[in-house]
Amino acid sequence: MKRTFFALLLLVLAASSSFAQTNDEITPESIVAGMNVERAANGVGPLKLDTRLVKAAEDRMRDMEEGGWWSHESPEGRSPFVWLAVRAYDFEYAGENLATGFETSRVLMTSWMESPGHRANILNANYDECGIAIIDGSTSHPANGKSIVVMFGKRFSDEVRALRAIK
């Protein structure tokens, strides 16, 4: 009986350790989950991934990779939100978080929550959707870890879109 109990206990510990390791990998799902934990703890509704925002984040990352830079604004002064227009994401609210050099989603989330601007975006109740792009390394120089772009957004309501179409 004791052997069965200990074998079962070891199996449970191994499974939970394996889950913790895979759960800490930087993926769009782990980032959204981490942001939603923080939002729930602060009484804010969850974010969900939106295909157009994912494509906008990927476009944004590709632009930075091709240009060899890393910033919220391009060297030419281009806003990150031009990529939302390219993907026909008609937004009422939009924001962006960038991060580079991170190995785990846990450290990434801790860092963002310690940064007032990143924290404000994560906890902004005006955002209800996001898109995430991730690459290995950096867009501007050889580096370890991953680089992450998160585009936050909230689309105009149907009523506002209808009114805007009339004008």
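Residues numbered from 1 in each chain as written. Predicted model: local features only at pLDDT ≥ 70, side-chain atom pairs only at ≥ 80, totals over all residues. Heavy atoms only, no water.

### Considerations on the overall build of the protein
Thought 1: Helix and strand content of the protein: seven helices and four strands.
Thought 2: Starting at the N terminus, the α and β elements of the protein follow one another as α-α-β-α-α-β-α-α-β-β-α.
Thought 3: The buried share of the protein, taken over its 167 residues, is 37%.
Thought 4: Considering only intrachain contacts with a sequence separation of at least 6, the fraction spanning at least 24 residues in the protein is 71%.
Thought 5: Summing over all exposed atoms, the protein offers an accessible surface of approximately 9600 Å²; the carbon and sulfur share of this is 58%. (Helix = DSSP H or I, 4+ residues; strand = E, 2+ residues; numbered from the N terminus. Buried < 20%, exposed > 50% of the residue type's maximum accessible area, 1.4 Å probe, protein only. Contact = heavy atoms within 4.5 Å. Areas by Shrake-Rupley, 256 points an atom, 1.4 Å probe, with all protein chains shown as cover.)

### Topic: the sheet that holds strand 2 (residues 91-102)
The pairing of strands in a sheet happens through backbone hydrogen bonds and is either parallel or antiparallel.
Thought 1: Taken in spatial order, the four strands of this open sheet run 1-3-4-2, and their pairing is mixed. Of all strands in the sheet, those with a lone pairing partner are strand 1 (48-49) and strand 2, marking the two edges.
Thought 2: Where strand 2 lies against strand 4 (residues 146-155), 10 bridges are found, and the strand directions are antiparallel. Across the sheet, the residue bridging to asparagine 97 is valine 150, located in strand 4.
Thought 3: Across the sheet, helix 2 (residues 28-41) touches strand 1, strand 3 (129-136) and strand 4, and the angle it forms with strand 3 is around 130 degrees.
Thought 4: Contacting strand 1, strand 2, strand 3 and strand 4, helix 3 (residues 51-67) crosses the sheet at an angle of about 35 degrees to strand 3. (Pairing = 2+ DSSP bridges. Axes fitted to C-alpha atoms, helices over the stretch in contact; angles between N-to-C directions.)

### A few points about the packing of helix 2 against helix 5 (residues 105-114)
Angle between the axes and distance between the axes: these two values describe a pair of packed helices.
Thought 1: Here helix 2 crosses helix 5 at 45 degrees, and the two axes come no closer than 10 Å. By the angle between their axes, helix 2 is oblique relative to helix 5. Classified by chirality, the crossing of helix 5 by helix 2 is right-handed. Touching Ser30, Ile31, Gly34, Met35 and Glu38 of helix 2 are Ser105, Leu108, Met109, Trp112 and Met113, all from helix 5.
Thought 2: Residue classes in the contact of helix 2 with helix 5 are distributed as six nonpolar, three polar and one charged. (Parallel < 35°, antiparallel > 145°, perpendicular 65-115°, else oblique. Left-handed = near helix turned anticlockwise from the far one by under 90°. Nonpolar A, V, L, I, M, F, W, Y, C, P; charged D, E, K, R; others polar.)

### Focus on the pattern of salt bridges
Thought 1: Scanning the model with the defined rule gives 12 salt bridges in all.
Thought 2: The salt bridge involving glutamate 58 is made with lysine 55; its shortest N-O contact spans 4.0 Å. Of this pair, glutamate 58 and lysine 55 both sit in helix 3, three residues apart, which is roughly one turn of that helix.
Thought 3: The class of glutamate 58 is partly exposed, set by a relative accessible area of 30%.
Thought 4: Since its relative accessible area comes to 36%, lysine 55 is described here as partly exposed.
Thought 5: Between aspartate 63 and arginine 78 there is a salt bridge, with its nearest N and O atoms 2.8 Å apart. (Salt bridge = Lys/Arg side-chain N within 4 Å of Asp/Glu carboxyl O.)

### Some points on the confidence of the model for the protein
Thought 1: Per-chain confidence: the protein averages 87 in pLDDT, with 83% of residues scoring 70 or above.
Thought 2: Confidence drops under a pLDDT of 50 for residues 1-22, and excluding neighbours within four residues, the segment shows one contact in the predicted structure. (pLDDT = per-residue confidence, 0-100.)

### What to know about the packing of aromatic side chains
Thought 1: For the coordinates displayed, the defined rule picks out two aromatic pairs.
Thought 2: Between the aromatic rings of tyrosine 127 and phenylalanine 152, the centroid separation amounts to 5.3 Å while the plane-to-plane angle is 20 degrees, which identifies the pairing as stacked. Of the two residues, tyrosine 127 sits in the loop between helix 6 (116-122) and strand 3 while phenylalanine 152 sits in strand 4, which places them 25 residues apart along the sequence.
Thought 3: The exposure class assigned to tyrosine 127 is buried, which follows from its relative accessible area of 5%. (Phe/Tyr/Trp six-rings, centres within 6.5 Å; stacked < 30°, edge-to-face > 60°.)

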